[in-house]
Every structure is written in structure tokens, then in C-alpha cells.
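Chain and residue survey
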Amino acid sequence: MIMKHILNTKQFSKDDIEQIFSAVPEMEKIAADGSVKKPLAGKLIACVFYEPSTRTRLSFETAALRLGAHIISVEDATENSSAHKGETIEDTARTLSCYADAIVMRHFEVGAAERASKVASKPVINAGDGANQHPSQGLLDLYTIKNEEGRLDNLSIAFVGDVLNSRTLKSLVPLLILYPNNTFYFISPRELALDENYRKYLQDNKVNFKEINELDGVLPQVDVLYMMRVQKERFKNPQDYEKVKDSFLLKSAHVKKLKKTAIIMHPLPRVNEIDPAIDGDSRAAYFRQAQNGLFVRMALLLYVFGK
Ligand code: CP
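Just so it is clear, the model here is predicted, and its values are computed rather than measured.

Notes on the sheet that holds strand 2 (residues 70–74)
- Judged by pairing direction, the sheet is parallel, and its 4 strands sit side by side in the order 2-1-3-4 without closing on themselves. Where the open sheet ends on each side, the last strands, each with one partner, are strand 2 and strand 4 (124–129). The average undirected angle you get between the axes of adjacent strands in this sheet is 15 degrees.
- Strand direction decides the pairing type here: strand 1 (residues 44–49) and strand 3 (residues 102–107), joined by 5 bridges, are parallel.

Shown next, in the form of C-alpha cells:
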């Protein structure tokens with residue numbers, strides 16, 4: 001069997017996506033009922049996180065445990081692993097390959113998981129590498145859209161906030177452009193607009209997109225309003241962060257302008273970009289999205305292990 005690293009959502013075909021999503025109903029059953037079969041019994045999964053995480057680490061660990069696998073885990077790996085003593089990503093990946101059957105890695109450096117995958121003898125799953133990619137998030141976001149909207153084509157999707165640094169945006173867009181007639185709005189302060197490379201990627205792939213600096217005008221048109229945190233940790237200068245951090249804050253007045261069938265998504269964690277007063281609106285899908293994260297990560301682990 002060819003080893004399946006999960007590094008970038010550009011690696012997935014529609015068939016891959018269909019295979020992963022078709023396993024989700026069974027994953028929901030396994031997660032809900034401790035007595036059903038455990039397809040990853042005997043496997044051991046290492047979770048190594050050099051950046052903070054609530055959802056990704058704990059849902060991968062829950063997914064592994066629900067499927068019958070064991071886990072070994074390092075949080076704050078910059079401090080709590082031998083990275084603190086100067087060990088390279090490559091040496092850590094080689095070592096973890098001696099112990100575990102798969103490695104789930106989050107790192108602040110772009111390309112870290114790919115570096116690990118080049119030397120690891122076990123599959124590496126990128127759980128976020130800097131501002132680059134977060135493929136399991138892209139998949140769970142795509143699944144949420146399919147589940148909520150009933151389709152993956154003919155959608156208008158607005159990404160709002162830190163467009164420049166969002167690895168969730170860069171993970172979801174390559175998946176959505178596999179399906180026809182999707183339109184994208186990238187809404188950000190000018191300082192956090194798309195970089196030239198990403199703009200070129202979109203143009204090269206003939207993606208229908210607009211970059212704008214205001215929210216109200218697009219609200220009545222969108223099917224998916226994808227809010228994003230301004231990522232303080234990506235700023236070199238705290239004053240630059242202060243200047244843009246509150247550029248787009250979603251309030252109930254905005255939600256009134258949305259279609260009845262629209263959904264509001266957010267990868268979470270949120271800071272203040274969605275008013276908690278909105279949480280009770282049926283269109284607020286962000287906690288359902290986090291729940292889907294468990295089921296989709298379970299399905300992704302099965303895909304990685306060829307089950
Ligand atoms: N969405 C996401 O990656 O959340 P965490 O940072 O909590 O893992």
C-alpha cells in the first residue's frame with residue numbers, strides 16, 4: 001500500500017473526498033456507541049503540537065480513541081519535546097516513526113509537516129503549518145457545507161477577516177474549486193488581503209473571485225459566510241495587529257441581511273469577530289462544524305490507514 005501523507009488539500013480528488021465523506025455516517029455511529037467495532041484497534045497515533053490547539057488536537061485524539069487506537073501526545077512541543085534542546089523536525093519525525101503508526105503534527109513553520117513526511121516512515125498528517133495549510137480543517141469545512149447546504153456547487157462563499165494568514169481559507173478553497181460555479185468573496189482590511197502568489201493561483205485556476213473591503217453589500221448574496229480570526233500570532237509588530245484586529249465584527253444586524261438558507265461558519269477559536277448573541281440563530285453553524293471535525297477526522301484516519 002502507498003503511504004498516505006495528508007499535507008495539503010490540493011492532493012485530494014473528488015473521488016478521495018467522496019470516499020472520506022461516505023464513511024462519516026458510520027463514524028457518527030461508532031462515536032455514539034462504545035460497543036461497535038473498533039477498526040483501528042492495535043494502532044498507535046502520535047500527536048505533536050508546536051502551536052496551541054483545542055479542536056484539532058483533542059478531536060484527532062478523540063477520533064483515534066473512538067476508533068480503538070492508542071495515542072501518545074505532546075502539547076507545547078517547542079517547550080516539552082527535545083525541540084527545546086535543538087532537535088530538528090526531521091529527527092523528531094524519524095524518532096516518532098519508530099514508535100507510532102501515524103504522526104499528527106501542528107507547527108508554526110510553513111512546510112514543517114512536509115519536511116517531516118520526507119523522512120518519516122509512517123504517514124504524517126498536517127494539523128496546521130503556519131499560515132499555509134490545515135487539510136483536515138478544509139475537509140471538515142467542506143463536509144459541513146455539504147451537510148448544511150445540500151450541495152458543493154453553485155455557491156457564493158464570503159471569507160471575512162484575516163484573508164492573508166488564514167490556512168483554513170487556503171485549505172477550503174482548493175476543495176471548493178473542484179465543484180462548478182462557485183463564487184468567492186475575500187473580505188479583509190487592505191493590510192490582510194490575499195498575497196500576490198495566492199491571487200495568481202486563483203487566476204491560474206480560473207476561479208471566480210472578488211476582493212473587497214466591506215461586508216454589508218455581499219451579505220444578501222452569500223450562501224456561506226466564513227468568519228475568521230485576525231491572527232495575532234502572525235504579526236511581527238503588535239501595533240499593526242491593534243490597527244486591524246476589529247475590522248470585521250459580525251453583529252445581529254448583519255445576520256438580518258443574510259438569506260434564510262445561508263450559514264455562518266468559523267474554524268474557531270473566535271475572539272470577538274462573531275457576537276455571541278448570534279450563536280442561537282439556526283444559521284450559526286460553527287459549533288456543528290466543530291462537531292463534524294470529530295467525524296471527518298475519524299473518517300480521515302481510516303483513509304490514511306487504508307481501512
Ligand atoms: N480550528 C482549529 O484549528 O482550532 P484549534 O486551533 O483549536 O485546533
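Additional details are given in the paragraphs that follow.
What about the domain arrangement of the protein?
- Domains assigned within the protein are domain 1 (9–133 + 291–304) and domain 2 (135–290).
- The gap between the C-alpha centroids of domain 1 and domain 2 is 25 Å.
- Counting residues at the interface gives 32 residues for domain 1, matched by 29 residues for domain 2.
- Summing both partners gives a buried area of about 2,500 Å² for domain 1 against domain 2, and 59% of it is carried by carbon and sulfur.
- Scanning the region where domain 1 abuts domain 2 turns up 3 salt bridges.
- Counting the contacts that link domain 1 with domain 2 gives 18 residue pairs in polar contact (both at pLDDT 80 or more).
- For the side of domain 1 that touches domain 2, the secondary-structure elements that each account for two or more residues are helix 1 (14–22), helix 2 (24–32), helix 3 (55–66), strand 3, strand 4 and helix 12 (286–304).
- It is helix 12 that contributes the most residues to the side of domain 1 that touches domain 2, 7 residues altogether.
- Class assignment of the residues belonging to the side of domain 1 that touches domain 2 gives a composition of 11 nonpolar, 12 polar and 9 charged.

With respect to the sheet that holds strand 9 (residues 263–265)
- Taken together, 5 strands build an open sheet; the order of strands is 7-6-5-8-9 and the sheet is parallel. The sheet is open, and its two borders are formed by strand 7 (208–212) and strand 9, each paired with just one other strand. Sheet twist, expressed as the average angle between the axes of neighbouring strands with direction ignored, equals 15 degrees.
- With 4 bridges connecting them, strand 5 (residues 156–160) and strand 8 (residues 224–227) associate as parallel partners. Bridge pairing links Ile-157 to Val-224 in strand 8.

Some details on helix 9 (residues 196–204)
- Here helix 9 has its buried residues at Tyr-198, Arg-199, Tyr-201 and Leu-202. Seen along its axis, helix 9 keeps its buried residues to an arc of 155 degrees; they face one direction. Projecting away from the buried face of helix 9 at angles above 90 degrees are the exposed residues Glu-196 and Asn-197.
- Residues of helix 9 that are buried in the fold lie against helix 8 (167–176), strand 6 (183–187) and strand 7.
- Looking at where helix 9 begins, the residue whose side-chain oxygen comes 3.1 Å from the main-chain nitrogen of Asn-197 is Asp-195.
- Lys-206 lies just past helix 9 and shows a positive phi near 55 degrees.

With respect to the side chain of Ser-53
- By secondary structure assignment, the location of Ser-53 is in the loop between strand 1 and helix 3.
- Engagement of the side chain of Ser-53 in a polar contact is seen with the backbone nitrogen of Thr-56, the distance being 3.3 Å.
- For Ser-53, the side chain forms a polar contact with the main-chain nitrogen of Arg-57, separated by 3.0 Å.

Describing the pairing of strand 2
- In the sheet, strand 1 pairs with strand 2 via 5 bridges, with the strands oriented parallel. When the bridges of strand 2 are listed, Ile-45 appears paired with Ile-71.
- For the handedness criterion, the β-α-β arrangement of strand 1, helix 3 and strand 2 is classed as right-handed.

Calculation rules
- Residues numbered from 1 in each chain as written.
- Predicted model: local features only at pLDDT ≥ 70, side-chain atom pairs only at ≥ 80, totals over all residues.
- Heavy atoms only, no water.
- Pairing = 2+ DSSP bridges.
- Helix = DSSP H or I, 4+ residues; strand = E, 2+ residues; numbered from the N terminus.
- Axes fitted to C-alpha atoms, helices over the stretch in contact; angles between N-to-C directions.
- Domains from an automatic or database assignment.
- Contact = heavy atoms within 4.5 Å.
- Buried area = accessible area lost by both parts, 1.4 Å probe.
- Salt bridge = Lys/Arg side-chain N within 4 Å of Asp/Glu carboxyl O.
- Polar contact = N/O pair within 3.5 Å; in protein donor to acceptor, adjacent residues only side chain to side chain.
- Nonpolar A, V, L, I, M, F, W, Y, C, P; charged D, E, K, R; others polar.
- Buried < 20%, exposed > 50% of the residue type's maximum accessible area, 1.4 Å probe, protein only.
- Arc of directions from axis to C-beta.
- Right-handed = clockwise from strand over helix to strand, strands pointing away.

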